[in-house]
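Descriptive structure summary
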Amino acid sequence: MLPPSFQPISQRPELKLPNDAKVAVWVVMNIEHFTFGKIGTSIQPHLNSYPEIANYGWRDYGNRVGIWRLFELFAELEIPVTAAVNGEISTLYPEIMEAMQQHNWEIMAHGINNSTGHSGMDREAETDTINKTLTLLKQATGKTPKGWLTPGFSITESTFELLHSAGIEYTADWVNDDQPYWYPVPDGRLLAIPYTIEANDITLCLSNRFSGAEFAKAIEDQFYQLWQEGESQPRVMAIGLHPFIVGQPMRLKYLKECLMNIKNQPDTWITTGEKIYESVINQ
């Protein structure tokens, strides 16, 4: 269950990125459905009476309005996106699924919905949940996702083994490194591509209550430090986003500014989880 032992990055075999980039940046946009009546990510946690509509409506804003701003923004900036998508999005929000395909966003599986974590599931139930998620996303896109991010990091002891058995090739569930590494499972291995809790709008905007400008600066600070360190050994940086947070009008211009600054920095590869996986597997 624990990740494999590690070496300091300076002592590892060199990670090679396309065009000798110093850092690979992958933007992970979490496209989520929260079951009405269940407590979920909240901007005002004290609003918890039943039926609770304020926090539900705030989250729902992301799918009704925020995501459409973000489609326009990332198309304008010509920045690729990896979308962590709940399986139920394909049936409940077909317009979003269609738009993601039109914009060539990579689809990374993100569980059945964001109100159903895996913790506490037995193997049969978890296997069924994984397979149902992948089936829904394949039916909607014609392609089985290569990557997986568990809702709320709510895993079981069997999650990674079951993901591998289902055909998943990389996981974003580990946030413990600045480089990809191979995570062993009984019948093979998964590539653990670094995701992030720190450079994540839930942490920065919701937990830390950063302003839009402070949020953007934190993302840029994360990037520039990794870019400098990438001179000796390339790094991988994730940016974790949610339409109900960065899709709010007050934050959009700051997200745009920081993404433009990152994109304009030389020796930077802005990419997707699938392309990071392909780069590593071909080394």
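Let me sum up the structure you'll find in this document. (Residues numbered from 1 in each chain as written. Predicted model: local features only at pLDDT ≥ 70, side-chain atom pairs only at ≥ 80, totals over all residues. Heavy atoms only, no water.)

Of the regular secondary structure elements, the protein chain holds ten helices and nine strands. What you see for the protein chain is a C-alpha radius of gyration of 18 Å, in line with the 19 Å of a compact globule of 283 residues. Each principal axis of the C-alpha distribution contributes one length, and for the protein chain these read about 55 × 45 × 35 Å. Every one of the 283 residues in the protein chain was classed for burial, and the buried ones make up 53%. For the protein chain, the share of sequence-separated contacts (at least 6 apart) that also reach a separation of at least 24 residues comes to 73%. Accessible surface for the protein chain amounts to roughly 13000 Å². Of this, 50% is attributable to carbon and sulfur atoms. In the protein chain, 21 positive and 34 negative side-chain charges are present, and the distance between their average locations comes to 3 Å. (Helix = DSSP H or I, 4+ residues; strand = E, 2+ residues; numbered from the N terminus. Rg over C-alpha atoms; globule rule 2.2 N^0.38 Å. Buried < 20%, exposed > 50% of the residue type's maximum accessible area, 1.4 Å probe, protein only. Contact = heavy atoms within 4.5 Å. Areas by Shrake-Rupley, 256 points an atom, 1.4 Å probe, with all protein chains shown as cover. Lys, Arg positive; Asp, Glu negative; His and termini not counted. Charge placed at Lys NZ, Arg CZ, Asp CG, Glu CD.)

This part covers the packing of aromatic side chains. Counted according to the given criterion, the structure contains 13 aromatic pairs. On the numbers, 6.2 Å between centres and 75° between planes, the contact of phenylalanine 34 with phenylalanine 244 is edge-to-face. Residue phenylalanine 34 is found in the loop between strand E1 (23-31) and helix H1 (54-77), and its partner phenylalanine 244 is found in helix H8 (residues 243-246); the two are separated by 210 residues along the sequence. Given the relative accessible area of 3%, phenylalanine 244 is considered buried. Geometrically, the ring pair formed by tryptophan 58 and phenylalanine 244 is edge-to-face, given 4.9 Å between the ring centres and 65° between the ring planes. Of the two residues, tryptophan 58 sits in helix H1 while phenylalanine 244 sits in helix H8, which places them 186 residues apart along the sequence. Following the ring pairs from residue to residue traces out a cluster consisting of Trp68, Phe71, Phe74 and Trp105. (Phe/Tyr/Trp six-rings, centres within 6.5 Å; stacked < 30°, edge-to-face > 60°.)

Together, Phe153, Val175 and Ile197 give the surface a local cluster of nonpolar side chains, amounting to about 220 Å² of exposed area. When you line up the elements, phenylalanine 153 lands in the loop between strand E4 (147-148) and helix H5 (159-165). (Patch = residues over 30% accessible without salt bridge, like charges linked within 9 Å, V, L, I, M, F, W, Y side chains within 5 Å. Salt bridge = Lys/Arg side-chain N within 4 Å of Asp/Glu carboxyl O.)

Relative to the 26 Å expected for 18 residues at 1.5 Å per residue, helix H7 (residues 212-229) spans 26 Å between its end C-alpha atoms, a close match to the ideal helical length. Residues of H7 that are buried include every one of Gly212, Phe215, Ala216, Ala218, Ile219, Glu220, Phe223, Leu226 and Trp227, and no others. On its buried side, H7 packs onto E1, helix H6 (201-207), strand E8 (235-241), H8, helix H9 (249-263) and strand E9 (268-271). (Expected span 1.5 Å × (residues − 1).)

Okay, the pattern of salt bridges next. A complete count under the given rule lists eleven salt bridges for this structure. A salt bridge links arginine 12 to aspartate 177, with the nearest nitrogen and oxygen atoms 3.0 Å apart. A residue pair is termed long-range when its members are at least 10 positions apart, and arginine 12 in the segment before E1 and aspartate 177 in the loop between strand E5 (170-171) and strand E6 (181-185) qualify at 165 residues. Both residues of the pair, arginine 12 and aspartate 177, belong to the buried class. Note that aspartate 60 and arginine 64 form a salt bridge whose closest N and O atoms lie 3.9 Å from each other. Taken as a pair, aspartate 60 and arginine 64 lie in helix H1 at a separation of four residues, close to a single helical turn. The class for arginine 64 is exposed, based on a relative accessible area of 62%. Each of Lys143, Lys146, Glu274 and Glu278 takes part in one network of salt bridges that share partners.

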